[in-house]
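Coordinates in review
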Amino acid sequence: LGHFWAAKSVGIEVQRFSIGLGPRVWGFVRGDTEYVLSAIPLGGYVKMAGMDDEVMERIEGGPVGEPRQPGPRDFDAKPVWARAWVISAGVIMNMLFALVTFTVMAGFWGAAAPATTRIGGVNAALLPVGAEALADAGPGSRIERIGDRDIEHWGDVQRAIMDGPAGSQRFVLTGPDATLDVVVPADEVDRGRLLAALDFWAEASIGGVTPGSPADRGGMEAGDRVVTVEGTPITSWDRFVREVQVRPGMETRMEVRRDGEVLALTLTPNAVEGTSALTGETGTIGQVGVVQGLDDLVQIRLSPAEAATLGWRRTVVTTGAILGFLGDLVTGNVSPRNVGSIVTIGEVSGQAAEQGLEPFLGFMAMFSINLAILNLLPIPVLDGGHLVFLVVEAVRGRALSVDQRIRLSQFGMVVIIGLMVWALSNDFMRLLGL
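The structure presented is a predicted model; accordingly, all values stated were derived computationally and were not measured.

What follows is about the pattern of salt bridges. The tally for this structure, following the rule as stated, stands at 18 salt bridges. The salt bridge involving Glu-34 is made with Arg-16; its shortest N-O contact spans 2.9 Å. Within this pair, whereas Glu-34 is found in strand S2 (residues 33–48), its partner Arg-16 is found in strand S1 (residues 14–30), the two being separated by 18 residues in sequence. Counted as one network, the salt bridges with shared partners bring together Lys-8, Asp-32 and Arg-73.

By size, the foremost hydrophobic cluster in this structure holds 42 residues, and its most contacted members are Met-220, Val-226, Phe-240 and Val-290. Sorting elements by how many residues they give to this core places helix H4 (residues 154–162) first, with five residues. Once residues within four sequence positions are removed from consideration, Met-220 is found in contact with Ile-206, Val-209, Ala-215, Val-226, Met-254, Val-256, Arg-258, Leu-265, Leu-267 and Val-290. Core analysis: the second largest hydrophobic core is formed by 16 residues, Val-10, Ile-12, Val-86 and Leu-387 among them.

Attention shifts here to the side chain of Asp-224. Its place among the elements puts Asp-224 in the loop between helix H6 (214–217) and strand S11 (225–229). A polar contact of 2.9 Å, which involves the side chain of Asp-224, links it to the backbone nitrogen of Glu-221. If near-sequence neighbours (up to four positions away) are discounted, Asp-224 is found in contact with Ala-204, Ser-205, Ile-206, Gly-219, Val-256, Arg-257 and Arg-258.

Interhelical geometry of helix H9 (residues 342–355) versus helix H10 (residues 357–375) gives an angle of 145° and a closest axis separation of 7 Å. Here Ile-345, Val-348, Ser-349, Ala-352, Ala-353 and Gln-355 of H9 lie close against H10, whose contacting residues are Pro-359, Phe-360, Phe-363 and Phe-367. Class assignment of the residues belonging to the contact of H9 with H10 gives a composition of eight nonpolar, two polar and no charged.

Looking now at the packing of aromatic side chains. For the coordinates displayed, the defined rule picks out nine aromatic pairs. When the centroid spacing of 6.1 Å and the interplanar angle of 45° are considered together, the rings of Phe-17 and Tyr-35 count as tilted. Note that Phe-17 is positioned in strand S1 and Tyr-35 in strand S2, a separation of 18 residues in sequence. Through successive ring pairs, a cluster of aromatic residues spans Phe-4, Phe-17, Trp-26, Phe-28 and Tyr-35. Over the aromatic face of Trp-201 sits the side chain of Arg-118, whose NZ or CZ is 4.1 Å from the ring centroid.

Moving on, we come to a nonpolar patch on the surface. On the surface, Ile-19, Val-25, Trp-26, Phe-28 and Leu-37 cluster together into a nonpolar patch covering about 500 Å² of accessible area. By residue number, the principal contributor to the nonpolar patch is S1, which donates four residues. According to the relative accessible area criterion, Val-25 is exposed, its value standing at 56%.

Moving on, we get to the sheet that holds strand S14 (residues 261–267). Across the sheet, four strands lie side by side as S12-S11-S13-S14; this open sheet has antiparallel pairing. Strands with a single pairing partner mark the edges of an open sheet, and in this sheet they are strand S12 (232–233) and S14. Two strands pair when backbone bridges link them, and strand S13 (residues 252–258) and S14 are joined in this way by seven bridges, in the antiparallel orientation. Its bridge partner being in S14, Thr-252 is matched across the sheet by Leu-267.

What follows concerns the sheet that holds strand S6 (residues 149–150). Spatially, the four strands line up as an open sheet ordered S6-S5-S7-S8, and their pairing is antiparallel. The sheet terminates laterally at S6 and strand S8 (178–184), the two strands that pair on one side only. The sheet contact formed by strand S7 (residues 167–174) and S8 spans seven bridges and is antiparallel. Considered in S8, the bridge of Val-172 is made with Thr-179.

On to helix H5 (residues 188–197), then. For H5, every residue scored as buried is listed here: Arg-191, Leu-194, Leu-195 and Ala-197. Mapping the buried residues of H5 onto a view down its axis gives an arc of 160°, with all of them on the same face. Along its buried surface, H5 packs onto strand S4 (119–122), H4, S8 and strand S9 (198–200). Near the N-terminus of H5, the side chain that reaches the backbone nitrogen of Asp-190, with its oxygen 3.1 Å away, is that of Asp-187.

Calculation criteria
- Residues numbered from 1 in each chain as written.
- Predicted model: local features only at pLDDT ≥ 70, side-chain atom pairs only at ≥ 80, totals over all residues.
- Heavy atoms only, no water.
- Salt bridge = Lys/Arg side-chain N within 4 Å of Asp/Glu carboxyl O.
- Helix = DSSP H or I, 4+ residues; strand = E, 2+ residues; numbered from the N terminus.
- Core = buried A, V, L, I, M, F, W, Y, C linked by side-chain atoms within 4.5 Å.
- Buried < 20%, exposed > 50% of the residue type's maximum accessible area, 1.4 Å probe, protein only.
- Contact = heavy atoms within 4.5 Å.
- Polar contact = N/O pair within 3.5 Å; in protein donor to acceptor, adjacent residues only side chain to side chain.
- Axes fitted to C-alpha atoms, helices over the stretch in contact; angles between N-to-C directions.
- Nonpolar A, V, L, I, M, F, W, Y, C, P; charged D, E, K, R; others polar.
- Phe/Tyr/Trp six-rings, centres within 6.5 Å; stacked < 30°, edge-to-face > 60°.
- Lys NZ or Arg CZ within 6 Å of the ring centre and 35° of its normal.
- Patch = residues over 30% accessible without salt bridge, like charges linked within 9 Å, V, L, I, M, F, W, Y side chains within 5 Å.
- Areas by Shrake-Rupley, 256 points an atom, 1.4 Å probe, with all protein chains shown as cover.
- Pairing = 2+ DSSP bridges.
- Arc of directions from axis to C-beta.

This is how it looks when you write it as structure tokens:
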């Protein structure tokens, strides 16, 4: 739809708008565009006049002839900026869908926050200048007050830090009693670091398991409650994280409680580069591929402005997380086994759907951002590759030749097929328990 609207906005003839791929099942013609439903319900496409027509004809074995002369409504007759706008519109729509979805979710359901006011742990390395006193807050301490705001749940902590006044604020803690003077930064990024440095107290329950991760291969399941790690009693999520992080690449015995029974599992945490929750230093730490389970939550009603702000923040954070994963994949900090294809997508979307409409919409928004980022990779046949072609044309003053684009498109197709085989292989090996 994004490509379609953008093409229409700059006068490009759109010959077909298809939902699905493959043979036409049903459709109609309106104006100069054929709107169809196709047989294979995976994605869709927009066919525009003059967009790589020569390239496709040559790839399909057509004759080599005189270069075609584009008509006034053809894609390749438009200036570079117009073509870049059309190519970028798909990615823009993916991001807008995520932003709107996150915002609507926040407006309809509000924001979920842990009901606790207890501190699970403090990552001293993330504390901005002026907030170092929080490093003295012991695990289990309760935050009673921040500045002039009484704290009743963790959502109040988030609001006090992210939306409260900048400058020196007094944090009143109990269990043990303490009063800490903390400088809340004016900069929103630094406020985010301050909030991220504070972990809320939570039981060591598993909310989800990443397919293909050490936890998945070791038999851990969503809903498990971690009891011990190598004989050490686990009293909180923070304690669980610390015990895992100090065992990168080491075979680790764990006990979990599941449906009233205690089960023994053996996992080998991946060795990745990250920040230690124990020392706050960057180095090699262990990760098993689980997300925290949240049992006791409160729903906070939000104004339209607050919902829009939260929707924007969730979009930015999700984008950063996906980019971080891709970066870790390139640097080797994440195992290539963590990449999945349609099998993983089906499993995760099914898990989200079972949890209800809100988690499912959140998954859709996340997946839309994932599509946007992957589609921007500079691989020919993806939108990112087309944008690279346009950048080259803008710099050198003329487009790449048909032969050059054919060779690059063939290379891009090999890369895409390789990625598909890689991801599918991971899925099948995981299903076979390998």
